[in-house]
Amino acid sequence: MHQPALDRAAWASRWRTRNVGDKALLSLGLLIVAVSAPVWPGGVAAGAMAVACALVWARVPVGIWARAVAAPTVFIAVGVLAVAISLDTSRSVDAVWRTGPIAITTPGLVRAAELVGRGFAGMTAVVLLAATTPMVDLLTGLRRLRIPDELIEVAALTYRMLFLFAATAGSLHRAQAARLGTTTLSGRFQTAGRVASRVFVLAWDRARRLEAGLAGRGYTGALRTVTPPRPHSMPFLIAATLLVTATAVLGWFPW
Amino acid sequence: MVTLGARGLRVGYDRGTVLDDLTVDLTGGTRWVVLGANGSGKTTLLSVLSGALRPTAGQVLRNGQPLSYRPRALAEHRRVVQMVLQDPDDQLFSADVAADISFGPLNLGLSPDDALARVDEACALLTLDHLRDRPVHQLSGGERKRVAIAGAVAMRPQVLLLDEPTAGLDPEGIDDMLGVLDRLEEQGTTVVMATHDVDLALAWSTRALVVGGGTARVGDTTEILSDTSVISAARLRRPWPLELTARLIDAGLLPADGQAPRTMADVVALLDDR
C-alpha cells in the first residue's frame, strides 16, 4: 500500500515515543516566532531553527523532508508572484521591472520577501511536528485538549480510510491500465472517472460493513480508544524552551 | 461453558433464501468448523449466531435461551460471543494497532488501564508486539487479520466465530494462525471457524457443521467428511488423508477396519502398522 513519505517518516521517527505536547511546544513556539517576529532576522532564524531541529536533532531523512516541503513551497512561490507583481497604470511607483501596466515594484518585492520568509519559516515549523508525529498521536493530543470527540473520530476514520481507498483506487487503475484503458487521453479520463465512481460506491459499502463490524465489538456511537501514555521529557522540554527563546530573542532583539 | 444453537433459522437476501429452517446445536466440542460451498450460508450463519444479523424467522439460542435483540441483551451476547469477519478492514477502524484493539475492552466498561492490559494480553497471544509501532495501513493482509482477531480476543469471549481466518495466508501464515487458535482453545474459548479447506478442517477440528441447501448437518468431523453424500451435496471433496486411505483400502494395502487418519502423521502410522 502506498504510504506518503511524511506519514512513513512520522511513524518511523526517533521522536515517535516523545510526548506530543513536548514536540508541539517546540514546533508551535517556532511557528509563533515565525509569524510574529520581524521577518529579518526573526522569521529567517525560526525557519533555520526548524530545519535544523528536523534534520539534525530529529534526524528526519533529508529526502523525505524535501518531499514534504516541496508542495507547500510551490504554494508559497505562487503566492509570492501574486504579491510581487502588481498593476500600476499610473506609473507612480519606481519599478524594478515593468511591461505596460504590469510591474514588479520595490515595495512589492519587500512584501514578497516577507511572505517568503514568514511562509517558509512557518511551514518548516509545522513540518517539524508532522514529520515526527503520526496523525493518530496528533489526534490523541487534540482529544486531551478537549476537542469534541466527534471531530476527532471523523478525522481518525478519514485518516484510516484514506489509505484503504487510495490502495483500492491504485489497484483499479492498474487493472484498467493492464487492459489498455489508459493508452489515450480520453481513455485516461474515462478510467479516472470509472475509478472515482467505483471508489465512491465502495466507500459506501465499506462504511456499512465497518459499522456492522464495529457493532459486533460493542460500538454504541463512540469510537473510544486508549493508547499507552507518553511521559513528558524534562530535558527535551528545557532544550525546546531554550531554543524557542533563543530564536525569539534573535528575532526581536534590536540588533 | 457457553453453548450456542439455533432453531428454525430462516435468512434471506435479495438473491433468495440462504438459510431455511436451519436447526443446529454447537455442543460436544470446542473446535468447530463450518463447511459449505460458496453462497451456502456459512458467513450468514456465523453472522446470525453472533447477533450481527437478525433472522427473518427462528431463534438463536445461548445456553438454551433465545437471544433477544434489545440493545442490552445484544451487548451481553457480545461479551460472550465475538465474530471476526473475513475482511479485516471491515473491523479495523484505527490506524494504531493498540488503539484499535483497546476499542472492545473499553466498550465492555473496563478502565483505560485494564483495557491496556487486555491489549498487552491480546498482542502477546497473537504475537503482535513487534507490530504495535506500525500503522495498520502498513501491515500485510495476514498481519491485519491477526490484529482483527486480537480486537475480538481482547474482549475475552467464550465463543469466537471466525470467517475464513486462513483465506489468503501462505502456508506458514496458516500454521501461525492455527497455533493462535490452538492457544485460544487451550484457554477455554470455543473456536468456530468457517472454511473451504477440508484438509485443514479434518486436521484441526473435532466437530463439523456442513451448510447446504438452507440446512445443516452436524457431527464428528471425521464422520462428516467421510460421508460421500454429505461431501457431494456440499460441493466439497474428501480430505486427502481420507481419500488416500480409501484408495489404499480398495487396493488391499490397508485393512478396512483401521482408524480414519486426520493428518499425514496418522497416514504414515497406518502404513507403518500394516
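What counts and what doesn't
Residues numbered from 1 in each chain as written. Chains lettered and ligands numbered in written order. Predicted model: local features only at pLDDT ≥ 70, side-chain atom pairs only at ≥ 80, totals over all residues. Heavy atoms only, no water. UniProt positions renumbered as here; feature names shortened; annotations may be inferred. Salt bridge = Lys/Arg side-chain N within 4 Å of Asp/Glu carboxyl O. Helix = DSSP H or I, 4+ residues; strand = E, 2+ residues; numbered from the N terminus. Buried < 20%, exposed > 50% of the residue type's maximum accessible area, 1.4 Å probe, protein only. Pairing = 2+ DSSP bridges. Axes fitted to C-alpha atoms, helices over the stretch in contact; angles between N-to-C directions. Contact = heavy atoms within 4.5 Å.

Per an unreviewed UniProt entry, chain B goes by ABC transporter ATP-binding protein and derives from Propioniferax innocua. Under the UniProt heading Sequence similarities (unreviewed entry), the entry covering chain B gives this text: "Belongs to the ABC transporter superfamily." Per UniProt, chain B has the following entry under Subcellular location (unreviewed entry): "Cell membrane".

The name given to chain A in an unreviewed UniProt entry is Cobalt/nickel transport system permease protein, and the organism recorded there is Propioniferax innocua. Regarding chain A, the relevant UniProt record gives this comment under Subcellular location (unreviewed entry): "Cell membrane".

Caption draft 1: Spotlight on the pattern of salt bridges. Tallying each qualifying case throughout the model produces 27 salt bridges over all chains. Of the charged contacts in the structure, one is a salt bridge between Asp-87 of chain B and Arg-206 of chain A, with a shortest N-O distance of 3.3 Å. Of this pair, Asp-87 of chain B sits in the loop between strand S6 (81–84) and helix H3 (97–107) while Arg-206 of chain A sits in helix H8 (residues 185–215), placing the two residues on different chains. The shortest N-O distance in the salt bridge between Asp-120 of chain B and Arg-132 of chain B comes to 2.7 Å. Linking Asp-120 of chain B in helix H4 (residues 112–125) with Arg-132 of chain B in the loop between H4 and helix H5 (141–153), this pair joins segments that are twelve residues apart in sequence. Taking the relative accessible area as the measure of exposure, Asp-120 of chain B reaches 40% and is therefore partly exposed. The network of salt bridges with common partners includes Asp-205, Arg-206, Arg-208 and Arg-209 of chain A together with Asp-87 and Asp-90 of chain B.

Caption draft 2: Examining the sheet that holds strand S7 (residues 159–163) of chain B more closely. All names here are of chain B. An order of S6-S7-S8-S3-S9-S10 is seen for the six strands of this open sheet, with the pairing classed as mixed. Every other strand in the sheet has two partners, leaving S6 and strand S10 (215–220) as the edge strands with one partner each. The sheet shows a mean angle of 15° between the axes of neighbouring strands, taken without regard to direction. Where S6 and S7 come together, four bridges link them in parallel fashion. Each residue of the ladder has a partner; that of Val-84, found in S7, is Leu-162. The strands touched by helix H2 (residues 71–80) within the sheet are S6 and S7, with S6 carrying the most contacts at an inclination of about 70°.

Caption draft 3: Spotlight on the sheet that holds strand S2 (residues 95–99) of chain A. All names here are of chain A. Across the sheet, three strands lie side by side as S1-S3-S2; this open sheet has antiparallel pairing. Lying at the two open borders of the sheet, with one neighbouring strand each, are strand S1 (85–87) and S2. Looking at each pair of strands side by side, their axes are set apart by 30° on average, direction ignored. In the sheet, S2 pairs with strand S3 (residues 102–105) via four bridges, with the strands oriented antiparallel.

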